[in-house]
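In case you want the letters, here they are:
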Amino acid sequence: MFVDQVKIYVKGGDGGNGAVSFRREKYVPLGGPAGGDGGRGGDVVFVVDEGLRTLVDFRYQKHFKAPRGEHGRNKGQHGAGSEDMFVRVPPGTTVIDDDTKEVIADLVEHGQQAVIAKGGRGGRGNMRFANASNPAPHISENGEPGQERYILMELKLIADVGLVGYPSVGKSTLLSSVSAAKPKIAPYHFTTITPNLGVVAVGEDSFVMADLPGLIEGAHEGVGLGHQFLRHVERTRLIVHVIDMAGVDGRDPYEDYLQINRELKLYNLKLEERPQIVVANKMDVPEAHENLARFKEKVPGVTVYEISAATREGVQELMYAISDLLATIPDKPAVEEVAEVEERVVFKAEKEPDPFEITRDNEVFVISGDKIEKLVRMTNLNSYDAAQRFAKIMRSMGVDEALRRHGARDGDTVRIGKLEFDFVE
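These figures come from a predicted structure and were not determined experimentally.

Taken together, five strands build an open sheet; the order of strands is E3-E1-E8-E5-E6 and the sheet is mixed. With partners counted over all chains shown, the strands left at the sheet margins are strand E3 (63–65) and strand E6 (103–107), one partner each. Pairwise comparison of adjacent strand axes, ignoring direction, gives a mean angle of 25° for this sheet. Where strand E5 (residues 93–97) meets E6, four bridges bridge the pair, whose relative direction is antiparallel. For Ile96, the partnering residue across the bridge sits in E6 and is Val103.

Printed below as a string of structure tokens:
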């Protein structure tokens, strides 16, 4: 089964919790706090495996969660960090954040890796909070939650040559005649519903040719089947444009030529600059020569290769021409631009000078923001000292003052993430 687009959920491992502990050895006077830090959570890492050719495995496993770090222990022992989760993907996989539609990674080379969801850092133990004013703190942090997101995975086949054209122009017949590929061939439109790959040997050289489903007018907007596979054309180094020069279906070869090029351009402007070879197929049909003469008059600057995929006439010469042209094109597939940032976190609009936002949910004041929500998740609120520290940080961030400006009064309910508490003026 060929699958080239899936949506999955990934989550980095949570960090381990810090520990609260004190040394009580017989010969250690004033032992003090000795709670260790939690370990780092594992990352979700995608790695390219050239042995894979489809995303079908991701139709059956859609959730990937890295293991969490170990919790801190007594005697100052830190928890162990967890191992990263490695997920194998086929070459040509583009990873897109489902919320922001930002390209996270474009993986094309065997062994290439990309961190898709980062693990959280471990929480600090109470030995980290000791100071002159509080030499025996009962404070520790929970582990930082791992990054989580829904992602779209799109597979763009990496092939040297892509065959494009209207349905039933002979692309599958041409591929089967020059390689060991066995695409379905039948006298009706859209026989090819998934891309087919074949290796073509030309003398001592070889190249990979892809037969893509037929395009029709409006393909770039989702008409027909072609829109699902236009992305595969982006990876090819050379486009071979196959035209039914006999006009078997009553279409004008020149109009077909213009329309297919228009669809490629509308889908991606860069495809207009991609090297292209024009092939006049079905030249064994008598009407083809008349149509070819008219076609050449309308596009005088275009070299047209005359072939008959059915009888293999002119096919070998075409393969040599493709091989010669490929030798002049850099052997590097086109890749998507990926922003060079460590973490991609979506922040809501900042209405306050601090990075948080206050809204109303009926009578409840809801505070949202990446920093303050992470603070809640990492605070052990069962500890009095930790709760006091949390309140102090809230005040220093300006949360109390902002709540007053929004009309909060003594006893009003405030919610941050899953935590609810009463506001005290």
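This part takes up the nonpolar core. Core analysis: the largest hydrophobic core is formed by 34 residues, its most contacted members being Leu174, Phe207, Met209, Met319 and Ile322. At five residues, the largest contribution of residues to this core is made by helix H5 (residues 315–326). Ranked by size, the runner-up nonpolar core spans 23 residues in total, among them Val10, Ile104, Ile116 and Met153.

With that settled, consider the environment of Pro90. As for its placement among the helices and strands, Pro90 is situated in the loop between strand E4 (85–89) and E5. Overall, the relative accessible area of 0% leaves Pro90 in the buried class. In this structure, the C-alpha to C-alpha distance between Pro90 and Asp49, residues 41 residues apart in sequence, is 5.5 Å. In this structure, Pro90 is in contact with Val48, Asp49, Leu52, Arg53, Thr54, Leu55, Leu107 and Leu155, ignoring residues within four places of it in sequence.

A few words on helix H1 (residues 171–178). Turn by turn, an α-helix covers 3.6 residues, leaving residues three or four places apart pointing in a common direction. Judged by how many residues are buried, H1 sits mostly within the fold: six of eight residues are covered. Regarding H1, the residues found buried are Lys171, Ser172, Leu174, Leu175, Ser177 and Val178. The inward-facing, buried residues of H1 contact strand E9 (161–164), strand E10 (196–202), strand E11 (205–211), strand E12 (238–244) and H5.

Across the sheet, six strands lie side by side as E10-E11-E9-E12-E13-E14; this open sheet has mixed pairing. Strands at the two margins of the open sheet, each flanked by one partner only, are E10 and strand E14 (304–306). Within the sheet, the average angular offset between the axes of one strand and its neighbour, ignoring direction, is 30°. The pairing of strand E13 (residues 276–281) with E14 spans three bridges and is classified as parallel. Residue Val279 lies in a different strand from E14, and its bridge partner there is Tyr305. Along the sheet face, helix H4 (residues 287–298) touches E12, E13 and E14 and points at about 170° away from the line of E14.

Right, let's talk about the packing of H1 against H5 for a bit. Direction vectors running N to C along H1 and H5 enclose 85°, while the axes themselves pass 11 Å from each other. By the criterion of interaxial angle, the relationship of H1 to H5 is roughly perpendicular. For the pair formed by H1 and H5, the contact residues are Leu174, Ser177 and Val178 on the first element and Val315, Leu318 and Met319 on the second. Considered class by class, the residues forming the contact of H1 with H5 number five nonpolar, one polar and no charged.

Any two packed helices are characterised by how steeply their axes cross, that is the angle between the axes, and by the distance between the axes. Two numbers describe how helix H6 (residues 370–378) lies on helix H7 (residues 384–397): the axes approach to 11 Å, and their chain directions differ by 175°. Here H6 lies roughly antiparallel to H7, going by the angle between them. Packed against H6, whose contacting residues are Lys371, Ile372, Leu375 and Val376, the element H7 presents Phe390, Ile393, Met394 and Met397 at the interface. Among the residues making up the contact of H6 with H7, the classes are represented as seven nonpolar, no polar and one charged.

The UniProt record marks Ser172 and Thr192 with the feature "binding site: Mg(2+)" (unreviewed entry), using the residue numbering of this structure. Note that Ser172 resides in helix H1.

Bringing the pairing of strand E8 (residues 148–155) into the picture now. Across the eight residues that make up E8, a large majority, six, are buried. For strand E1 (residues 5–11) and E8, the ladder comprises seven bridges, and the chain directions are antiparallel. By the bridge assignment, Val6 is partnered in E8 with Met153. As judged from the five bridges shared by E5 and E8, these two strands associate in the antiparallel manner. Paired with Thr94 across the bridge in E8 is Glu154.

Glancing now at the confidence of the model for the chain. In regions of low pLDDT, the predicted coordinates are not meant to be interpreted in detail. Averaged over all residues, the pLDDT of the chain equals 83, while 87% of them reach at least 70. Least confident of the elements in the chain is helix H2 (residues 230–233), whose mean pLDDT is 72; most confident is E3, at 96. Confidence drops under a pLDDT of 50 for residues 219–226, and excluding neighbours within four residues, the segment shows 18 contacts in the predicted structure. Contacts for the low-pLDDT stretch residues 341–353, under 50 throughout, to residues beyond four places or in other chains number 21 contacts.

Here we take up the pattern of salt bridges. A full pass over the atoms with the stated rule returns 23 salt bridges. When the shortest N-O distance is used, the salt bridge between Arg360 and Glu363 registers 3.8 Å. Arg360 gets classed as partly exposed once you look at its relative accessible area, which sits at 47%. What you see here is one network of salt bridges that share partners, running through Arg121, Arg124, Glu141 and Arg389.

The backbone of Lys75 shows a phi angle near 60°, a positive value even though the residue is not glycine. Following the sequence through the fold, Lys75 ends up in the loop between E3 and E4. Here Lys75 falls in the exposed class, since its relative accessible area comes to 59%. Located in the positive-phi region is Lys101, a residue other than glycine, with phi close to 60°. Note that Lys101 resides in the loop between E5 and E6.

About the thresholds
Residues numbered from 1 in each chain as written. Predicted model: local features only at pLDDT ≥ 70, side-chain atom pairs only at ≥ 80, totals over all residues. Heavy atoms only, no water. Pairing = 2+ DSSP bridges. Helix = DSSP H or I, 4+ residues; strand = E, 2+ residues; numbered from the N terminus. Axes fitted to C-alpha atoms, helices over the stretch in contact; angles between N-to-C directions. Core = buried A, V, L, I, M, F, W, Y, C linked by side-chain atoms within 4.5 Å. Buried < 20%, exposed > 50% of the residue type's maximum accessible area, 1.4 Å probe, protein only. Contact = heavy atoms within 4.5 Å. Parallel < 35°, antiparallel > 145°, perpendicular 65-115°, else oblique. Nonpolar A, V, L, I, M, F, W, Y, C, P; charged D, E, K, R; others polar. UniProt positions renumbered as here; feature names shortened; annotations may be inferred. pLDDT = per-residue confidence, 0-100. Salt bridge = Lys/Arg side-chain N within 4 Å of Asp/Glu carboxyl O.

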